[in-house]
Amino acid sequence: MSETERSEVRQQIERWIEESQGMLGRTIPGLLDDNERLRAKIAAAEEDCDRMRMEIGQLRREIAELQKEIAELQSERQYLRGEQAVIAEAVSRALHHMSQLTQPMNEILQRIHVAEPVPVDGATDRG
């Protein structure tokens, strides 16, 4: 390779180095700015995640409390339905006994109506 060719290659390399330095000078600050912006976004996202984890924990506790209340209400409802069934049975038996009592009372009333009226409170039927 001749001296001229070497000089041209050297000049070409120097231009590449200068162009590379220029490109790096423009690119690196942009990359650093992007990096800083992305770090800020990551920090904000991590804060949001922490806040959401706390909210999820609170919601899970509330759900557990509601499930406990629901179980208690279902148990109470089942108890009240049992009580209602017992009361209904007792009322049914009472009505049955009352109907058995009313039949002889009706017979007594029919016999009384056939017989002479009885004076009430010592009053007599004077005409």
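Residues numbered from 1 in each chain as written. Predicted model: local features only at pLDDT ≥ 70, side-chain atom pairs only at ≥ 80, totals over all residues. Heavy atoms only, no water.

The next thing to look at is the overall build of the chain. Looking only at helices and strands, one finds one helix and zero strands in the chain. Accessible surface for the chain amounts to roughly 12300 Å². Of this, 58% is attributable to carbon and sulfur atoms. (Helix = DSSP H or I, 4+ residues; strand = E, 2+ residues; numbered from the N terminus. Areas by Shrake-Rupley, 256 points an atom, 1.4 Å probe, with all protein chains shown as cover.)

Time to look at the pattern of salt bridges. In the structure shown here, the tally under the stated rule is seven salt bridges. The residue Arg10 makes a salt bridge to Glu14 at a minimum N-O spacing of 3.5 Å. Taken together, the positions of Arg10 and Glu14, both in helix α1 (residues 3–114) and four residues apart, correspond to about one turn of that helix. Owing to a relative accessible area of 57%, Arg10 belongs among the exposed residues under this scheme. We classify Glu14 as partly exposed; its relative accessible area is 39%. Counted as one network, the salt bridges with shared partners bring together Asp48, Arg51 and Glu55. (Salt bridge = Lys/Arg side-chain N within 4 Å of Asp/Glu carboxyl O. Buried < 20%, exposed > 50% of the residue type's maximum accessible area, 1.4 Å probe, protein only.)

On the surface, a nonpolar cluster with roughly 520 Å² of combined accessible area is contributed by Met1, Val9, Ile13, Trp16 and Ile17. Assignment of secondary structure puts Met1 in the segment before α1. Met1 gets classed as exposed once you look at its relative accessible area, which sits at 65%. (Patch = residues over 30% accessible without salt bridge, like charges linked within 9 Å, V, L, I, M, F, W, Y side chains within 5 Å.)

Attention now goes to a negative patch on the surface. On the surface, Glu62, Glu65, Glu69, Glu72 and Glu76 cluster together into a patch of negative charge. One can find Glu65 in helix α1. (Lys, Arg positive; Asp, Glu negative; His and termini not counted. Charge placed at Lys NZ, Arg CZ, Asp CG, Glu CD.)

Turning to its location among the elements, Asp34 is positioned in helix α1. Polar contacts involving the side chain of Asp34 include one to the side chain of Arg37, which spans 3.2 Å. (Polar contact = N/O pair within 3.5 Å; in protein donor to acceptor, adjacent residues only side chain to side chain.)

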